[in-house]
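Structural overview
Take a look at the letters that make up each chain.
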Amino acid sequence: MDHERYMRRAIEIAHGNPDAPFGCVIADRENGEILAEGLNDDQRNPILHGEIATILDLADSQVDVEAQRLVLYTTAEPCPMCSGAILWSGIPSVVLGTAIATLKRLGLPQIELSCEEVASLASFGGFEVVRGVLEAECDALFEELARRTVG
Ligand SMILES: [Zn+2]
């Protein structure tokens, strides 16, 4: 998988919500197709994080692809809620840009539990994680948000 290509798309999506630039795509590792996309919409619903929106988009699209083939790309590390949703969806691979530690350093509200920690606690198998893909570009989204909104 060309991780940067999919992360670039997630970043493009993230630009759609400068107040919560959490963009996400789910791709099929077999044919490289993007199957679902999502953007944080917590103004509409507080649990509509980018990853949740994308998992819902995939379910709505009713594409019939084995979960084992799915790779989820997200501009920032999945929070514990989203990590749980990824686990329950059976998605085995997560690629992320900005780390929770970075969001916290920027003063953005976070639950301090890494996605690897959540994945390691699942009794039915976790997901593998690739960190730091286009990290500088992803960090820039959140640095810009922090400049406008934090303290
Ligand atoms: Zn989340």
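In what follows, the structure referred to is the one given above.
Source: prediction; values computed, not measured.

This part is about the coordination of the zinc ion. Distances from the zinc ion to its protein donors, His49 (ND1), Cys79 (SG) and Cys82 (SG), fall within 2.0 to 2.3 Å. Each donor residue of the zinc ion belongs to the same chain, with the gaps between them written as H-x29-C-x2-C. Highlighted residues: His49 in the loop between strand E2 (34–39) and helix H2 (50–61) and Cys79 in the loop between strand E3 (70–76) and helix H3 (80–89), separated in sequence by 30 residues. Cys79 gets classed as buried once you look at its relative accessible area, which sits at 13%.

The next subject is the pairing of E3. Looking along a regular strand, one sees side chains alternate from face to face of the sheet. Across the seven residues of E3, seven count as buried, placing the element largely inside the fold. Taken together, the five bridges between strand E1 (residues 23–28) and E3 define a ladder with antiparallel strand orientation. What sits directly across from Asp28, in E3, is Leu70. As judged from the five bridges shared by E3 and strand E4 (residues 93–98), these two strands associate in the parallel manner. Paired with Thr74 across the strands is Leu96, a residue of E4. On the question of chirality, the crossover connecting E3 to the parallel E4 by way of H3 is right-handed.

This part takes up the side chain of Ser93. Tracing the sequence through the fold places Ser93 in strand E4. Owing to a relative accessible area of 3%, Ser93 belongs among the buried residues under this scheme. Only 2.9 Å separates the side chain of Ser93 from the side chain of Glu128, close enough to count as a polar contact. Residue contacts for Ser93: discarding those within four places in its chain leaves Arg29, Leu70, Val71, Leu72, Phe127 and Glu128.

On to the side chain of Glu51. Topologically, Glu51 is positioned in helix H2. The buried charged residue Glu51 lacks any salt bridge partner; its closest oppositely charged side chain belongs to Arg131, at an N-O distance of 11 Å. Of note is the side chain of Glu51, whose polar atom sits 3.4 Å from the side chain of Thr74. With near-sequence residues (within four places) excluded, Glu51 lies in contact with Cys24, Leu72, Thr74, Ala76, Glu77, Pro78, Cys79, Cys82 and Ile86.

Our next topic: the pairing of E2. As defined by bridge partners, E1 adjoins E2 across five bridges and the pair is classed as antiparallel. Within E2, the residue paired with Cys24 across the bridge is Gly38. Joining the antiparallel neighbours E1 and E2 is a turn of five residues, in which Gly32 adopts a positive phi near 75 degrees.

Conventions we followed
Residues numbered from 1 in each chain as written. Predicted model: local features only at pLDDT ≥ 70, side-chain atom pairs only at ≥ 80, totals over all residues. Heavy atoms only, no water. Donors = N, O, S within 2.8 Å, 3.2 Å for Na, K, Ca; no water. Helix = DSSP H or I, 4+ residues; strand = E, 2+ residues; numbered from the N terminus. Buried < 20%, exposed > 50% of the residue type's maximum accessible area, 1.4 Å probe, protein only. Pairing = 2+ DSSP bridges. Right-handed = clockwise from strand over helix to strand, strands pointing away. Polar contact = N/O pair within 3.5 Å; in protein donor to acceptor, adjacent residues only side chain to side chain. Contact = heavy atoms within 4.5 Å. Lys, Arg positive; Asp, Glu negative; His and termini not counted. Salt bridge = Lys/Arg side-chain N within 4 Å of Asp/Glu carboxyl O.

Spatial relationships are all this shows, so hold off on functional conclusions.
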